[in-house]
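Structure assessment
One letter stands for each residue in the lines below.
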Amino acid sequence: MNRTTEPTANLLVYEPLSASAPLGHKWAGLYCGPHFCQSYHRFWQYLRLMGLGSTLGGHPDAYIEAFSSLQTLWQDQTSGKRRILIAGAADYSMLAHLWQVFQLYPGSLEISVLDRCQTPLKLNQWYAERRGISIRLLESDILLLEEEEYDLIVTSSFLGNFDPDARFELFNRISRLLRKDGQFISSNRLRPQPENQRLPIEEERIEQFVGLVEKRGRTLAETSALPLSELRQAAMDYIMDRRPFPVNGLASIENIAGASELTLTRAFYLQNRQSATGLSIPTLNDGSQYVFFHLTRA
Ligand SMILES: C[S@@+](CC[C@H](N)C(=O)[O-])C[C@H]1O[C@@H](n2cnc3c(N)ncnc32)[C@H](O)[C@@H]1O
(Lines give C-alpha, C1' and ligand atoms only; values in the text may rest on other atoms or scores of the structure.)
Protein backbone atom coordinates (compact mmCIF):
# COMPACT_ATOMS: atom_id res chain seq x y z
CA MET A 1 0.00 0.00 0.00
CA ASN A 2 3.06 2.26 0.49
CA ARG A 3 4.67 3.91 -2.49
CA THR A 4 7.61 6.28 -2.68
CA THR A 5 7.32 9.04 -5.26
CA GLU A 6 10.40 9.59 -7.37
CA PRO A 7 11.11 12.88 -9.09
CA THR A 8 8.93 12.70 -12.18
CA ALA A 9 11.58 13.73 -14.70
CA ASN A 10 9.92 11.59 -17.34
CA LEU A 11 6.62 13.43 -16.97
CA LEU A 12 6.97 16.18 -19.57
CA VAL A 13 3.87 18.13 -18.64
CA TYR A 14 3.86 21.61 -20.21
CA GLU A 15 3.94 24.21 -17.42
CA PRO A 16 5.50 27.55 -18.47
CA LEU A 17 6.17 28.73 -14.90
CA SER A 18 8.72 31.40 -15.81
CA ALA A 19 6.11 33.12 -17.97
CA SER A 20 3.16 32.73 -15.58
CA ALA A 21 4.75 33.29 -12.15
CA PRO A 22 4.99 37.10 -12.68
CA LEU A 23 1.35 37.09 -13.90
CA GLY A 24 0.18 35.18 -10.82
CA HIS A 25 2.07 37.68 -8.69
CA LYS A 26 0.41 40.63 -10.46
CA TRP A 27 -3.09 39.11 -10.41
CA ALA A 28 -2.81 38.22 -6.74
CA GLY A 29 -2.36 41.92 -6.05
CA LEU A 30 -5.61 42.61 -7.91
CA TYR A 31 -7.86 39.69 -6.96
CA CYS A 32 -6.78 38.03 -3.72
CA GLY A 33 -8.43 40.51 -1.33
CA PRO A 34 -11.35 38.79 0.37
CA HIS A 35 -9.78 35.42 1.17
CA PHE A 36 -6.36 36.42 2.57
CA CYS A 37 -4.81 34.16 0.00
CA GLN A 38 -2.48 36.77 -1.53
CA SER A 39 0.60 35.43 0.31
CA TYR A 40 -0.11 32.04 -1.26
CA HIS A 41 -1.29 32.84 -4.77
CA ARG A 42 1.33 35.51 -5.51
CA PHE A 43 4.21 33.28 -4.45
CA TRP A 44 3.24 29.67 -5.18
CA GLN A 45 4.64 29.51 -8.73
CA TYR A 46 7.85 31.23 -7.62
CA LEU A 47 8.27 28.53 -4.99
CA ARG A 48 7.78 25.93 -7.73
CA LEU A 49 10.32 27.74 -9.93
CA MET A 50 12.80 27.62 -7.04
CA GLY A 51 12.23 23.86 -6.68
CA LEU A 52 10.70 24.36 -3.22
CA GLY A 53 6.96 24.09 -3.93
CA SER A 54 5.71 20.61 -4.84
CA THR A 55 2.76 20.67 -7.23
CA LEU A 56 -0.01 18.13 -6.69
CA GLY A 57 1.48 17.12 -3.35
CA GLY A 58 4.78 16.20 -4.99
CA HIS A 59 3.25 13.17 -6.74
CA PRO A 60 1.84 14.39 -10.08
CA ASP A 61 2.61 10.97 -11.57
CA ALA A 62 -0.03 9.43 -9.29
CA TYR A 63 -2.61 11.83 -10.78
CA ILE A 64 -1.51 11.02 -14.32
CA GLU A 65 -1.93 7.35 -13.52
CA ALA A 66 -5.42 7.92 -12.06
CA PHE A 67 -6.46 9.98 -15.11
CA SER A 68 -5.11 7.33 -17.49
CA SER A 69 -7.13 4.57 -15.80
CA LEU A 70 -10.24 6.76 -15.98
CA GLN A 71 -9.63 7.56 -19.63
CA THR A 72 -9.40 3.85 -20.42
CA LEU A 73 -12.51 3.11 -18.36
CA TRP A 74 -14.52 5.89 -19.99
CA GLN A 75 -13.32 4.99 -23.46
CA ASP A 76 -14.92 1.55 -23.09
CA GLN A 77 -18.15 3.04 -21.82
CA THR A 78 -19.82 4.85 -24.72
CA SER A 79 -21.64 7.78 -23.14
CA GLY A 80 -21.70 11.53 -23.73
CA LYS A 81 -19.12 14.06 -22.52
CA ARG A 82 -17.54 13.44 -19.15
CA ARG A 83 -17.91 16.34 -16.71
CA ILE A 84 -14.80 17.07 -14.65
CA LEU A 85 -14.48 19.58 -11.78
CA ILE A 86 -11.00 20.72 -10.69
CA ALA A 87 -11.67 22.03 -7.17
CA GLY A 88 -9.28 24.39 -5.40
CA ALA A 89 -6.47 25.00 -7.85
CA ALA A 90 -3.49 27.01 -6.65
CA ASP A 91 -2.48 27.36 -10.31
CA TYR A 92 -3.03 25.52 -13.61
CA SER A 93 -1.02 22.42 -12.67
CA MET A 94 -3.98 20.05 -12.22
CA LEU A 95 -5.41 21.16 -15.58
CA ALA A 96 -2.00 20.67 -17.23
CA HIS A 97 -1.77 17.10 -15.88
CA LEU A 98 -5.36 16.29 -16.81
CA TRP A 99 -4.73 17.57 -20.35
CA GLN A 100 -1.56 15.51 -20.56
CA VAL A 101 -3.83 12.44 -20.55
CA PHE A 102 -6.96 13.70 -22.31
CA GLN A 103 -5.49 15.98 -25.00
CA LEU A 104 -6.08 13.26 -27.61
CA TYR A 105 -9.79 13.16 -26.68
CA PRO A 106 -10.64 16.87 -26.39
CA GLY A 107 -14.28 16.32 -27.34
CA SER A 108 -14.84 13.78 -24.60
CA LEU A 109 -14.60 16.21 -21.72
CA GLU A 110 -16.32 19.23 -20.18
CA ILE A 111 -13.77 20.73 -17.77
CA SER A 112 -14.69 23.21 -15.00
CA VAL A 113 -12.17 24.84 -12.67
CA LEU A 114 -13.42 26.09 -9.32
CA ASP A 115 -11.77 28.34 -6.77
CA ARG A 116 -13.11 30.92 -4.37
CA CYS A 117 -10.37 33.30 -5.54
CA GLN A 118 -10.02 34.72 -9.06
CA THR A 119 -6.20 34.57 -9.18
CA PRO A 120 -5.87 30.79 -9.78
CA LEU A 121 -8.84 31.01 -12.17
CA LYS A 122 -7.01 33.68 -14.20
CA LEU A 123 -3.95 31.43 -14.32
CA ASN A 124 -6.09 28.51 -15.55
CA GLN A 125 -7.74 30.72 -18.17
CA TRP A 126 -4.30 31.93 -19.35
CA TYR A 127 -3.02 28.36 -19.60
CA ALA A 128 -6.17 27.07 -21.33
CA GLU A 129 -6.02 29.82 -23.98
CA ARG A 130 -2.38 29.03 -24.57
CA ARG A 131 -3.20 25.33 -25.07
CA GLY A 132 -6.53 25.73 -26.85
CA ILE A 133 -8.41 23.97 -24.04
CA SER A 134 -12.06 24.87 -23.48
CA ILE A 135 -12.73 25.29 -19.76
CA ARG A 136 -15.42 26.86 -17.58
CA LEU A 137 -14.34 28.96 -14.59
CA LEU A 138 -16.35 28.88 -11.36
CA GLU A 139 -15.52 31.56 -8.79
CA SER A 140 -17.30 30.15 -5.74
CA ASP A 141 -16.83 28.60 -2.33
CA ILE A 142 -17.18 24.87 -3.05
CA LEU A 143 -19.49 24.59 -0.03
CA LEU A 144 -21.96 26.85 -1.88
CA LEU A 145 -21.77 25.20 -5.31
CA GLU A 146 -25.23 24.09 -6.44
CA GLU A 147 -24.35 22.21 -9.61
CA GLU A 148 -24.52 18.44 -10.06
CA GLU A 149 -23.73 15.40 -12.14
CA TYR A 150 -19.93 15.52 -12.28
CA ASP A 151 -18.15 12.33 -13.33
CA LEU A 152 -14.96 13.35 -11.58
CA ILE A 153 -14.04 15.89 -8.92
CA VAL A 154 -10.27 16.18 -8.43
CA THR A 155 -8.10 18.28 -6.18
CA SER A 156 -4.94 17.99 -4.09
CA SER A 157 -3.91 19.29 -0.68
CA PHE A 158 -7.39 20.77 -0.30
CA LEU A 159 -8.59 19.28 3.02
CA GLY A 160 -6.24 21.47 5.06
CA ASN A 161 -8.50 24.41 4.23
CA PHE A 162 -11.36 22.87 6.25
CA ASP A 163 -11.67 22.10 9.95
CA PRO A 164 -13.14 18.66 10.84
CA ASP A 165 -16.78 19.89 10.91
CA ALA A 166 -16.40 21.71 7.60
CA ARG A 167 -14.90 18.53 6.12
CA PHE A 168 -18.20 16.72 6.68
CA GLU A 169 -19.91 19.60 4.84
CA LEU A 170 -17.28 19.41 2.09
CA PHE A 171 -17.68 15.66 1.53
CA ASN A 172 -21.46 16.02 1.65
CA ARG A 173 -21.26 18.75 -0.98
CA ILE A 174 -18.90 16.71 -3.13
CA SER A 175 -21.24 13.72 -2.87
CA ARG A 176 -24.14 15.88 -4.06
CA LEU A 177 -22.04 17.30 -6.91
CA LEU A 178 -21.18 13.81 -8.20
CA ARG A 179 -23.47 11.66 -10.34
CA LYS A 180 -23.99 8.04 -9.22
CA ASP A 181 -20.63 6.18 -9.58
CA GLY A 182 -18.90 9.56 -9.96
CA GLN A 183 -15.35 9.74 -8.57
CA PHE A 184 -13.63 12.02 -6.06
CA ILE A 185 -9.84 11.74 -6.39
CA SER A 186 -7.45 13.59 -4.14
CA SER A 187 -4.41 13.36 -1.91
CA ASN A 188 -3.42 15.05 1.31
CA ARG A 189 -0.41 15.25 3.54
CA LEU A 190 -0.78 13.41 6.83
CA ARG A 191 0.16 14.96 10.17
CA PRO A 192 -0.19 13.76 13.79
CA GLN A 193 -1.25 17.12 15.26
CA PRO A 194 -4.88 17.63 16.46
CA GLU A 195 -7.19 17.94 13.42
CA ASN A 196 -9.30 20.72 14.95
CA GLN A 197 -6.43 23.19 15.39
CA ARG A 198 -4.56 25.03 12.65
CA LEU A 199 -0.94 23.86 12.38
CA PRO A 200 1.27 26.08 14.54
CA ILE A 201 4.26 27.73 12.89
CA GLU A 202 7.58 26.84 14.54
CA GLU A 203 9.54 30.10 15.03
CA GLU A 204 12.92 28.64 14.02
CA ARG A 205 11.43 27.46 10.73
CA ILE A 206 10.57 31.00 9.65
CA GLU A 207 14.13 32.31 9.36
CA GLN A 208 15.32 28.97 7.90
CA PHE A 209 12.65 29.19 5.17
CA VAL A 210 13.22 32.89 4.39
CA GLY A 211 16.98 32.33 4.20
CA LEU A 212 16.46 29.39 1.83
CA VAL A 213 14.14 31.42 -0.42
CA GLU A 214 16.67 34.26 -0.58
CA LYS A 215 19.38 31.77 -1.59
CA ARG A 216 17.22 30.01 -4.19
CA GLY A 217 15.76 33.34 -5.31
CA ARG A 218 19.13 34.36 -6.67
CA THR A 219 18.93 31.44 -9.12
CA LEU A 220 15.70 32.69 -10.68
CA ALA A 221 16.08 33.74 -14.28
CA GLU A 222 16.30 37.47 -14.93
CA THR A 223 12.85 37.41 -16.57
CA SER A 224 11.03 36.05 -13.56
CA ALA A 225 13.21 37.28 -10.72
CA LEU A 226 11.67 39.14 -7.81
CA PRO A 227 13.67 41.93 -6.12
CA LEU A 228 15.41 40.41 -3.04
CA SER A 229 13.54 42.66 -0.60
CA GLU A 230 10.21 41.56 -2.09
CA LEU A 231 11.35 37.95 -2.07
CA ARG A 232 12.08 38.14 1.65
CA GLN A 233 8.70 39.71 2.44
CA ALA A 234 6.85 37.27 0.19
CA ALA A 235 8.56 34.34 1.90
CA MET A 236 7.76 35.71 5.35
CA ASP A 237 4.09 36.30 4.52
CA TYR A 238 3.85 32.90 2.83
CA ILE A 239 5.12 30.84 5.75
CA MET A 240 3.20 32.87 8.35
CA ASP A 241 -0.09 32.16 6.53
CA ARG A 242 0.45 28.45 5.81
CA ARG A 243 -1.49 27.00 8.72
CA PRO A 244 -3.63 24.12 7.45
CA PHE A 245 -5.88 21.91 9.59
CA PRO A 246 -4.02 18.57 9.85
CA VAL A 247 -5.34 15.29 8.48
CA ASN A 248 -4.25 12.44 10.74
CA GLY A 249 -4.83 9.44 8.50
CA LEU A 250 -6.93 7.45 6.03
CA ALA A 251 -9.31 6.63 8.88
CA SER A 252 -10.31 10.30 9.13
CA ILE A 253 -11.13 10.37 5.42
CA GLU A 254 -13.01 7.05 5.52
CA ASN A 255 -15.02 8.25 8.50
CA ILE A 256 -16.17 11.43 6.75
CA ALA A 257 -16.73 9.62 3.44
CA GLY A 258 -18.95 7.05 5.13
CA ALA A 259 -21.23 9.85 6.36
CA SER A 260 -21.53 11.23 2.81
CA GLU A 261 -22.45 8.17 0.69
CA LEU A 262 -18.92 8.12 -0.63
CA THR A 263 -17.23 4.72 -0.74
CA LEU A 264 -13.47 4.30 -0.53
CA THR A 265 -12.52 2.41 -3.70
CA ARG A 266 -8.79 2.82 -3.59
CA ALA A 267 -6.12 4.36 -1.35
CA PHE A 268 -2.38 4.21 -0.92
CA TYR A 269 0.24 6.09 1.04
CA LEU A 270 2.93 8.12 -0.68
CA GLN A 271 6.21 9.41 0.65
CA ASN A 272 7.16 12.51 -1.24
CA ARG A 273 10.81 12.97 -1.83
CA GLN A 274 12.95 14.59 0.79
CA SER A 275 14.18 17.88 -0.57
CA ALA A 276 17.74 18.89 0.14
CA THR A 277 16.35 21.53 2.49
CA GLY A 278 15.22 19.06 5.16
CA LEU A 279 12.78 21.79 6.22
CA SER A 280 9.31 20.55 7.22
CA ILE A 281 7.04 23.33 6.01
CA PRO A 282 3.48 23.10 4.58
CA THR A 283 3.42 22.77 0.72
CA LEU A 284 7.20 22.11 0.51
CA ASN A 285 8.96 18.90 -0.55
CA ASP A 286 9.89 17.62 2.88
CA GLY A 287 9.57 13.84 2.84
CA SER A 288 6.11 13.95 4.45
CA GLN A 289 3.70 11.07 4.03
CA TYR A 290 0.59 11.56 1.94
CA VAL A 291 -2.51 9.50 1.35
CA PHE A 292 -3.89 9.27 -2.19
CA PHE A 293 -7.55 8.25 -2.28
CA HIS A 294 -10.37 7.49 -4.68
CA LEU A 295 -13.92 7.79 -3.38
CA THR A 296 -16.95 6.76 -5.43
CA ARG A 297 -20.47 8.14 -5.06
CA ALA A 298 -22.66 5.20 -4.05
C1 LIG B 1 -4.12 23.96 -1.37
S2 LIG B 1 -4.59 24.76 -2.74
C3 LIG B 1 -4.73 23.52 -3.75
C4 LIG B 1 -3.43 23.01 -4.15
C5 LIG B 1 -3.41 22.57 -5.52
N6 LIG B 1 -4.30 21.53 -5.62
C7 LIG B 1 -2.11 22.24 -6.13
O8 LIG B 1 -1.28 21.46 -5.64
O9 LIG B 1 -1.95 22.76 -7.13
C10 LIG B 1 -6.05 25.37 -2.21
C11 LIG B 1 -6.80 26.23 -3.18
O12 LIG B 1 -8.13 26.05 -2.77
C13 LIG B 1 -8.80 27.31 -2.73
N14 LIG B 1 -9.83 27.18 -1.71
C15 LIG B 1 -9.66 27.07 -0.38
N16 LIG B 1 -10.86 26.91 0.25
C17 LIG B 1 -11.80 26.93 -0.74
C18 LIG B 1 -13.23 26.80 -0.76
N19 LIG B 1 -13.93 26.66 0.38
N20 LIG B 1 -13.86 26.83 -1.95
C21 LIG B 1 -13.17 26.98 -3.11
N22 LIG B 1 -11.81 27.12 -3.17
C23 LIG B 1 -11.15 27.09 -1.99
C24 LIG B 1 -7.72 28.32 -2.40
O25 LIG B 1 -8.07 29.60 -2.92
C26 LIG B 1 -6.49 27.71 -3.11
O27 LIG B 1 -6.35 28.23 -4.42
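Residues numbered from 1 in each chain as written. Predicted model: local features only at pLDDT ≥ 70, side-chain atom pairs only at ≥ 80, totals over all residues. Heavy atoms only, no water.

**A closer look at unusual backbone geometry**
Here is the rule we go by: Going along the chain from the N terminus, every DSSP run of H or I of four or more residues is numbered as a helix, and every run of E of two or more is numbered as a strand.
A positive phi is found at Leu 56, a non-glycine position, where the angle reads about 50°. For Leu 56, the location among the structural elements is in the loop between α3 (44–49) and α4 (60–76). Not every positive phi belongs to a glycine, and Glu 261 is a case in point at roughly 55°. Mapped onto the elements of the fold, Glu 261 is located in the loop between α10 (250–258) and β7 (262–271).

**Some details on α4**
Condition: Each residue after the first adds 1.5 Å to the expected span of a helix. Relative accessibility under 20% of the residue-type maximum defines a buried residue, over 50% an exposed one, and the middle range a partly exposed one, all with a 1.4 Å probe and only protein chains included.
Its 17 residues give α4 an end-to-end C-alpha distance of 25 Å, which sits within 8% of 24 Å, the value for a rise of 1.5 Å per residue. Those residues of α4 that fall on the buried side of the exposure criterion are Pro 60, Ala 62, Tyr 63, Ile 64, Ala 66, Phe 67, Leu 70, Gln 71 and Trp 74.

**Some words on the state of the cysteines**
We count it as follows: What counts as a disulfide here is a pair of cysteine sulfur atoms lying within 2.5 Å.
Under the definition given, this model contains zero disulfides. Take Cys 32: it sits in no disulfide, and the sulfur closest to it among the cysteines is that of Cys 117, at 3.6 Å. Overall, the relative accessible area of 2% leaves Cys 32 in the buried class. We note that Cys 37 lacks a disulfide partner, and the nearest cysteine sulfur, in Cys 117, lies 3.6 Å from it.

**Side note on the site of the ligand**
Heads up, the rule is: Proximity is defined per residue: any heavy atom of the residue falling within 4 Å of a molecule or strand makes that residue near it. A 3.5 Å cut-off defines polar contacts: any pair of N or O atoms within that distance qualifies, except that in protein one atom must be a possible hydrogen donor and the other a possible acceptor, and neighbouring residues in sequence count only when both atoms are side-chain atoms. Throughout, the Shrake-Rupley method with a 1.4 Å probe supplies accessible areas, and for residues the shown protein chains are the sole cover considered. For this scheme, ten residues count as nonpolar: Ala, Val, Leu, Ile, Met, Phe, Trp, Tyr, Cys and Pro. Four count as charged, namely Asp, Glu, Lys and Arg, and the remainder, Gly too, count as polar.
Lining the immediate surroundings of the ligand are 18 residues, of which His 41, Asp 115, Ile 142, Ser 156 and Ser 157 lie closest. Asp 115 is positioned with one of its side-chain polar atoms (N or O) 2.6 Å from an oxygen atom of the ligand. Between a nitrogen atom of the ligand and a main-chain N or O atom of Ile 142, the distance comes to 2.9 Å. Computed on the free molecule, the ligand has an accessible area of 590 Å², of which 94% lies beneath the protein chains in the complex. Secondary-structure elements contributing two or more residues to the shell around the ligand are α2 (38–41) and β3 (109–115). Classifying every residue of the shell around the ligand gives nine nonpolar, six polar and three charged.

**Things to note about the nonpolar core**
The criterion, for reference: In this text, buried Ala, Val, Leu, Ile, Met, Phe, Trp, Tyr and Cys residues form a nonpolar core when linked through side-chain atoms within 4.5 Å. Note on contacts: a residue pair is in contact if any heavy atoms of the two residues lie within 4.5 Å.
Within the largest apolar cluster, 39 residues are counted, with the highest numbers of intra-cluster contacts made by Phe 67, Ile 86 and Ile 111. If we skip the residues at most four places from it in the chain, Ile 86 touches Met 94, Leu 95, Leu 98, Ile 111, Ser 112, Val 113, Leu 114 and Val 154. One finds Ile 142, Ile 153, Leu 159 and Tyr 269 within the second-largest nonpolar core, a separate group that totals 31 residues.

**A few points about the packing of helix α1 (residues 17–31) against helix α6 (residues 118–131)**
Note the threshold: Where helices are involved, their axes are fitted lines through C-alpha atoms of the stretch in contact, as for all axes, and angles between N-to-C directions lie from 0 to 180°. Crossings are sorted by hand: turned counterclockwise from the far helix by less than a right angle, the near helix makes the crossing left-handed, and turned clockwise it makes it right-handed.
In contact at an axis separation of 8 Å, α1 and α6 are set at 145° when each is read in the N-to-C sense. Viewed along their axes, α1 and α6 form a crossing whose handedness is right-handed. Contact with α1, carried on its side by Ala 19, Ser 20, Leu 23, Gly 24, Trp 27, Ala 28 and Tyr 31, involves Gln 118, Thr 119, Lys 122, Leu 123, Trp 126 and Arg 130 of α6 and no other residues of that element. Here the residues of the contact of α1 with α6 sort into seven nonpolar, four polar and two charged.

**Describing the pairing of β3**
Basically, it comes down to this: Two strands make a pair as long as DSSP finds a minimum of two bridges between them. Place the viewer so that the strands point away; then a crossover is right-handed whenever the path from the first strand over the helix to the second strand goes clockwise.
For β3, the tally of buried residues reaches six of seven residues, placing the bulk of the element in the interior. Two strands pair when backbone bridges link them, and strand β2 (residues 82–87) and β3 are joined in this way by six bridges, in the parallel orientation. Counterpart to Arg 83 in the pairing with β3 is Glu 110. In the classification by handedness, the crossover that spans β2, the intervening helix α5 (residues 93–102) and the parallel β3 is right-handed. In the sheet, β3 pairs with strand β4 (residues 135–139) via five bridges, with the strands oriented parallel. Paired with Asp 115 across the two strands is Glu 139, which belongs to β4. For the segment spanning β3, α6 and β4, crossover handedness is right-handed.

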